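Geometric and topological summary
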Amino acid sequence: MELYLYLALFAPLAGSLFAALFGASPKIMIAGIIPSALLFASFVSSTILLVYILSGGAPVHVEMMTWMATGNLYIPFGFVVDQVSVTMMMVVTVVSTIVHIYSIGYMDHDKAFNRFFAWLSAFVFSMMVLVMSDNFAGLFIGWEGVGLCSWALIGFWYHKESATWAANEAFIMNRIADLGMLIGIFLVYWNTGTLQYEQAFAVMPALGTDILTLMGIFLFIGAMGKSAQFPLHTWLADAMEGPTPVSALIHAATMVTAGVYLVVRANPLFDLIPHVGLFIASLGAFVALFAASMALVNRDMKRIIAYSTLSQLGYMFVAAGLGAYWVALFHLMAHAFFKALLFLGAGNVMHAMHNELDPFKMGGLKKAMKWTFIMMTVASVALAGIYPLAGFFSKDLILEVAMIEHHYIIYSVLLFTAGLTAFYSFRLVALIFHGEERYKLFGVHPHEAYKFMLIAMAPLLILAVIAGSFKMTYFEMVTAVLPATEYHVHSAVAYWIMTIGTQLFVIAAIAFAYKKYVRSGITVPDGTSKMENRLCYKILSNQYYIPYIYEEYLVKPYRELSTIFWKQIDMKVVDATVDGIAGIIYGTGEKTRDMQSGNLSTMLKWMVAGTVGLLSLAVVFGLAVRYSVEIKAILSGLGV
Amino acid sequence: MMEIGLNHYLILSIILFTIGLIGVMRRKNLLLLFFATEILLNSVNIAFAAISHFYGDLTGQMFAFFVIAIAASEVAVGLGLLIVWHKRHGTIDLDTMSTMRG
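Residues numbered from 1 in each chain as written. Chains lettered and ligands numbered in written order. Predicted model: local features only at pLDDT ≥ 70, side-chain atom pairs only at ≥ 80, totals over all residues.

**Observations concerning the overall build of chain B**
Basically, it comes down to this: Per the convention used, a helix needs a DSSP run of H or I reaching at least four residues, while a strand needs a run of E reaching at least two, with both numbered from the N terminus. We compute the radius of gyration from the C-alpha atoms alone; for a globule the expected value is 2.2 Å times N to the 0.38, where N is the number of residues. We call two residues in contact when their backbone-placed C-beta atoms lie within 7 Å.
Of regular secondary structure, chain B possesses three helices and zero strands. When the helices and strands of chain B are read in sequence order from the N terminus, they spell out α-α-α. Against the 2.2 N^0.38 benchmark of 13 Å for 102 residues, chain B shows a C-alpha radius of gyration of 17 Å, more extended than a compact globule. With the C-alpha coordinates of chain B rotated into their principal frame, the extents come out at 50 × 30 × 25 Å. Long-range contacts, defined as pairs at least 24 residues apart, comprise 43% of the intrachain contacts of chain B with a sequence gap of at least 6.

Following this line, the structure appears as structure tokens:
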């Protein structure tokens, strides 16, 4: 099994390095095909490992080599494939294989085709390190690796000002959170003396609650950054500047779920501190509602889906915070499939519409793009949580968890959010695919994507439909390492009322979205309608003015402070000191070069002077050592 | 008549060394520079021999022999160079040799 582990881990790296060889040369097809094939190999290895684990095999734990061993610190490059990491490996390899194949079509006309695949495969490798590591240090390397690749891919079209800005924003926001994460890891090391998951978690129950709370909070700050939880959420919507396959892979299916994975992985820690768990759950519920509300009025197709991702991450954190780790992981998996499908569908639409993102300028695309229409509708139905698609099983389960754990406020918030989710998803579908063909006004001739792209998306379509049926198999598998709490509402009547009620509510929301947006006479909003001038619309479409507040009250003061530090401290103190030292040395050289007259007689004189000088120094120091006792006595007599 | 002891030899050595040093600094003629260097070396040799005798240890005198041997070879090489220089430039005045000016 070790062979498969290494194959799953290193195949993406090999693909990345291969594509990087052609980084600067013009588009070459194999730079896309080889990484995709290697990723497929990685996917097959992961599947073999999954089958092995499913059939009751012991977790595969390997120590590739020692990384650091000094004193009491021992950190190996160790990798583990257990029930949790194999889930993540499957999610990562499935989605990334599909996205790679899709990208061959999507990036067809891009000049930097080869570079794209180098970064995309590098991302997959980092993500695999992140999920497979058996210690916090390896996790952190993967964590930073995905951050770096995310930066490079958001800013992939670096000639666009907005793309580089968004890339830097994402990178900086993540660095802020990573500081918290690092502190958390340091705390773990200080208090447990190890970074290996198993050993650290074994020691934790003996530690005080205070220190455990601190660990939990700091680790969660790291998770907040990567999973874009409030208040570090603004980067995710801006990250949509990157190519759409990147959004599908990184900013929907894999990287942003790393925070959830961290909480799930550290479940022995979070089990000991339920009050932090409750905070996580509350924040998750808040983000779910908060992000869904922003998606309601947004007019950028990709941003709507990004907010939806944010909202679903909130759901996952609710489950993880309430101790239902396997539910969180299950929703993570289901969400990865239908959200990636939704994004890839959006990519098809963007291609057809020549990079137009405003759904109000589309309409009626279902004729031209039948398959994309079907896929996006199915993905939206799954996202909304209609029986029997994936979202129904995973999302309703989270609602049930909230109900059973008696957190009724969280439950009602999540229920309401489920309605909003259905509304904005179908608002998008209705505006893009139904109604009048408004795109004709803009002279666009939409066309369906390449056939192989659609075929590549098909597995996601199937998974989005059937993922829910794996629930019990999945439960039995992961509960070998995660707390095995089954969530059943106690009375059957209450269960049916809840389920049917939720379903009806969601269907009503869908119907409302269709009624409102599938009529004729929808025009592109121009800021004059009554709706758009309402206060609540303005608040929502400006994202609660949070980016504005950050800009005005954090970025600008910081920039001014930096200017002051630059001009006053850096230029006048640091630079002046350095320049001063350089000036002195330069000046001395300039003055003493006259000594170098080339005249042997002069040089001999200098030599004699130097010898005399050194000799007298030797004499003085010799005397000082010889009479040190007396000198000290004299000095102390003087009161020095 | 005063007995000649170690101090006399050392004083002679210092006087010779000073003369040699002044010669090294003041002479402009390359040949005389060699003379001055020889005086320096021999002043040291006197000190070596005298101290060696004083302590009854032959090491210092052996060292003096080495110094003489090395001084001889140095002069041989130096004079060779000096002759070449004189053939090329017609002078052995130090002030005319400043090709290594910085």
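**Section: helix α24 (residues 600–626) of chain A**
To be explicit about the condition: Every helix has an expected span of 1.5 Å times one less than the residues it contains. Counting other C-beta atoms within 10 Å of a residue's C-beta gives its exposure: the residue is buried at 20 or more, exposed at 12 or fewer, and partly exposed in between, where C-beta atoms are placed from the backbone.
Over its 27 residues, α24 of chain A runs 38 Å from end to end, which matches the ideal 39 Å to within 8%, given 1.5 Å per residue. By the criterion of burial, α24 of chain A is predominantly exposed, with just zero of the 27 residues buried.

**Some remarks on the confidence of the model for chain B**
Defined as follows: Predictor confidence is given residue by residue as pLDDT, running from a minimum of 0 to a maximum of 100.
Summary statistics for chain B give a mean pLDDT of 90 and a share of 96% for residues scoring 70 or more. Note on the complex model: pTM 0.78, ipTM 0.84.

**Some words on the interface of chain A and chain B**
Here is the rule we go by: Under the convention adopted here, Pro, Cys and the residues Ala, Val, Leu, Ile, Met, Phe, Trp and Tyr are nonpolar, Asp, Glu, Lys and Arg are charged, and Gly plus all remaining residues are polar.
Chain A puts 10 residues into the contact, and the matching count from chain B is 12 residues. The residue inventory of the side of chain A that touches chain B, partitioned by class, reads three nonpolar, five polar and two charged.

**Considering the pairing of strand β2 (residues 73–81) of chain A**
Residues and elements named next belong to chain A. This is how it is decided: Each pair of strands is called paired provided DSSP finds at least two bridges between the two strands.
Note: strand β1 (residues 60–70) against β2, nine bridges, orientation antiparallel. In the sheet register, Thr70 faces β2, and the bridge partner there is Leu73. Where β1 hands over to β2, the hairpin turn is made up of two residues, of which Gly71 adopts a positive phi near 55°.

**Observations concerning the nonpolar core**
All names here are of chain A. The cut-off we apply is this: Linking buried Ala, Val, Leu, Ile, Met, Phe, Trp, Tyr and Cys residues through C-beta atoms within 7 Å yields a set, and such a set is a nonpolar core.
In terms of nonpolar packing, the biggest core is built from 206 residues, with Ala340, Leu341, Leu414 and Ala464 touching the most fellow members. Broken down by element, the residue count for this core peaks at 20 residues, all from helix α15 (residues 325–352). Dropping the residues within four chain positions of it, Ala340 is found in contact with Val95, Val99, Ala248, Leu249, Ala252, Ala253 and Leu460.

**Regarding the environment of Leu431 of chain A**
Here Leu431 of chain A is to be found in helix α18 (residues 408–433). C-alpha separation for the pair Leu431 of chain A and Ile410 of chain A, spaced 21 residues apart in sequence, amounts to 31 Å.

**Description of the packing of helix α16 (residues 370–384) of chain A against α18 of chain A**
Residues and elements named next belong to chain A. Quick reminder of the rule: Geometry is summarised by axes, namely lines fitted to C-alpha atoms with helices restricted to the contacting stretch, and by angles between N-to-C directions that run from 0 to 180 degrees. When an angle is under 35 degrees it counts as roughly parallel; over 145 it counts as roughly antiparallel; between 65 and 115 it counts as roughly perpendicular; any other value is oblique.
In the contact formed by α16 and α18, the axes pass within 9 Å of each other and the chain directions differ by 170°. In terms of orientation, α16 lies roughly antiparallel with respect to α18. Contact residues: Phe373, Met376, Thr377, Ser380, Leu383 and Ala384 in α16; Thr421, Ala422, Ser425, Phe426, Val429 and Phe433 in α18. By residue class, the composition of the contact of α16 with α18 is eight nonpolar, four polar and no charged.

**A closer look at the environment of Tyr325 of chain A**
Residue and element names in this part refer to chain A. Counting through the fold element by element, Tyr325 comes out in helix α15. On the basis of neighbour counts, which here come to 27 C-beta atoms within 10 Å, the residue Tyr325 falls in the buried class. Between the C-alpha atoms of Tyr325 and Gln199, which are 126 residues apart in sequence, the distance is 20 Å. Apart from the residues within four sequence positions on either side, Tyr325 is in contact with Val264, Asn267, Ala320, Leu482 and Pro483.

**Section: the packing of helix α14 (residues 301–321) of chain A against α15 of chain A**
All names here are of chain A. As a packed pair, α14 and α15 sit with axes 9 Å apart at the nearest point and diverge in direction by 175°. On the basis of their axis angle, the class for α14 and α15 is roughly antiparallel. Facing Met301, Lys302, Ile305, Thr309, Gln312, Tyr315, Met316, Ala319 and Ala320 of α14, the residues of α15 in contact are Tyr325, Val327, Ala328, His331, Leu332, His335, Lys339, Leu342, Phe343, Ala346 and Val349.

**Some words on the environment of Met62 of chain B**
Note on placement: Met62 of chain B falls in helix α3 (residues 59–89). Given 12 C-beta atoms within a 10 Å radius, Met62 of chain B is considered exposed.

**Brief notes about unusual backbone geometry**
Residues and elements named next belong to chain A. Pro231 follows Phe230 through a cis peptide bond whose omega is 0°. Secondary-structure assignment places Pro231 in the loop between α8 (209–226) and α9 (234–238). Backbone torsion omega between Tyr387 and Pro388 reads 0°, so that peptide bond is classified as cis. By the element assignment, Pro388 lies in the loop between α16 and α17 (390–404). You will see that His406, though not glycine, has its phi angle at about 65°, which is positive. On the secondary structure map, His406 appears in the loop between α17 and α18. For His406, a count of 8 C-beta atoms within 10 Å translates into the label exposed. A positive phi angle, close to 55°, is found at Gln543, a residue other than glycine. With respect to the helices, strands and loops of the structure, Gln543 is situated in the loop between α22 (535–541) and α23 (546–592). Here Gln543 falls in the buried class, since 21 other C-beta atoms lie within 10 Å of it.

**A look at helix α20 (residues 471–478) of chain A**
Selection criterion: Directions from the helix axis toward the C-beta atoms define the arc.
Taken together, the buried positions of α20 of chain A are Tyr474, Met477 and Val478 of chain A. For α20 of chain A, the buried positions fall inside an angular range of 80° around the axis, keeping them on one side.

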